[in-house]
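What follows is the residue order along each chain.
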Amino acid sequence: MATLEQDVKRAIRTIPDYPKKGIPFKDLTTLWKNGRLTRRVTDALAKRWKGDKLDKIVGIEARGFIVGAPVADRLGIGFVPARKVGKLPAAKVSVNYELEYGRQGLEIHTDAISKGERVLVVDDLLATGGTSKAAATLTERMGGKVVGFAFVTELGRLKGRKKLAGYEVYSIARYD
Ligand code: AMP
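Anyway, here's the lowdown on the structure attached to this text.

Criteria and cut-off values
Residues numbered from 1 in each chain as written. Predicted model: local features only at pLDDT ≥ 70, side-chain atom pairs only at ≥ 80, totals over all residues. Heavy atoms only, no water. Helix = DSSP H or I, 4+ residues; strand = E, 2+ residues; numbered from the N terminus. Expected span 1.5 Å × (residues − 1). Buried < 20%, exposed > 50% of the residue type's maximum accessible area, 1.4 Å probe, protein only. Contact = heavy atoms within 4.5 Å. Polar contact = N/O pair within 3.5 Å; in protein donor to acceptor, adjacent residues only side chain to side chain. Phe/Tyr/Trp six-rings, centres within 6.5 Å; stacked < 30°, edge-to-face > 60°. Lys NZ or Arg CZ within 6 Å of the ring centre and 35° of its normal. Core = buried A, V, L, I, M, F, W, Y, C linked by side-chain atoms within 4.5 Å.

**A word on helix H5 (residues 130-141)**
- The end-to-end C-alpha distance of H5, which contains twelve residues, comes to 16 Å, matching closely the 16 Å that a straight helix rising 1.5 Å per residue would cover.
- Of the positions making up H5, those classed as buried are Gly130, Thr131, Ser132, Ala134, Ala135, Ala136, Leu138 and Thr139.
- Considering only its buried residues, H5 is in contact with strand E3 (56-60), strand E5 (92-99), strand E6 (102-109), strand E7 (118-126), strand E8 (145-155) and helix H6 (160-163).
- Of the residues flanking the end of H5, it is Gly143, one or two places downstream, whose phi is positive at about 90°.

The structure is reproduced here in structure tokens:
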């Protein structure tokens with residue numbers, strides 16, 4: 001029987017040179033249209049973090065919402081959206097960071113995380129780690145404790161784990 005990693009890799013579609021030349025874009029829509037496989041991914045992520053007494057999941061716009069919200073539901077904890085600049089309506093904190101293809105800003109509401117809350121940062125993919133590190137920075141600025149990072153997939157050659165050194169990092173499917 002194929003492992004979850006093998007099934008996930010088989011389901012993900014790689015689009016060369018998107019959105020820029022030289023970027024092999026990992027398209028997870030071909031995974032998410034498969035309900036049974038998506039449930040296995042949610043189960044695996046929830047199982048990994050079940051014993052960590054989490055209070056919140058911070059999911060990164062937009063694909064981190066798709067991955068993170070069902071895991072929060074499974075664990076019975078709250079979900080906090082980390083959004084691109086200008087999308088959140090109430091008082092917020094912001095941070096800017098470098099992407100594999102450009103610069104970006106990220107924001108969360110100031111009342112989304114309380115001091116001492118244990119937080120898992122979730123996104124679809126770990127590349128350079130800039131995005132998830134930014135989400136961790138916002139969480140920590142609110143007094144939250146980042147317990148770890150969860151991804152469906154990871155591009156090992158971009159050394160995102162190095163940027164997240166000192167934290168627990170879990171991904172289901174790794175590309176080198
Ligand atoms: P990074 O901040 O470099 O770790 O980039 C991770 C974020 O950018 C995630 O939200 C991904 O959805 C997106 N991303 C970066 N590189 C890729 C890629 N090659 N394929 C798909 N998504 C990517």
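**Some thoughts on helix H3 (residues 35-49)**
- Counted at 1.5 Å a residue, the expected span for H3 with its 15 residues is 21 Å, and the 21 Å between its end C-alpha atoms agrees.
- Of all the positions in H3, only Leu37, Val41, Thr42, Ala44, Leu45, Ala46 and Trp49 are classed as buried.
- Residues of H3 that are buried in the fold lie against helix H1 (4-11), helix H2 (29-32), helix H4 (63-75), E7, E8 and strand E9 (168-175).
- Two to three positions downstream of the cap, the backbone nitrogen of Arg36 sits 3.2 Å from a side-chain oxygen, assigning the N-cap of H3 to Asn34.

**A look at the packing of aromatic side chains**
- Taken as a whole and judged by the stated rule, the model has four aromatic pairs.
- When the centroid spacing of 5.2 Å and the interplanar angle of 80° are considered together, the rings of Tyr18 and Phe25 count as edge-to-face.
- Of the residues examined, Phe25 reaches a relative accessible area of 14% and is grouped as buried.
- Counting every residue linked through ring pairs, the aromatic cluster contains Phe149, Phe151 and Tyr167.
- A cation sits over an aromatic face here: Arg48 above Trp49, 4.1 Å from the ring centre.

**A short note on the nonpolar core**
- Core analysis: the largest hydrophobic core is formed by 30 residues, its most contacted members being Val8, Leu31 and Val41.
- Counting only elements with at least two residues in this core, the list comes to H1, H2, H3, H4, E7, E8 and E9.
- In terms of residue count, H3 provides more of this core than any other element does, six residues in total.
- Discounting chain neighbours no more than four positions away, the residues touching Leu31 are Val8, Ala11, Leu37, Thr38, Val41 and Val152.
- Grouped together as the second largest cluster of nonpolar side chains are 24 residues, Ile60, Ala82, Val93 and Phe149 included.

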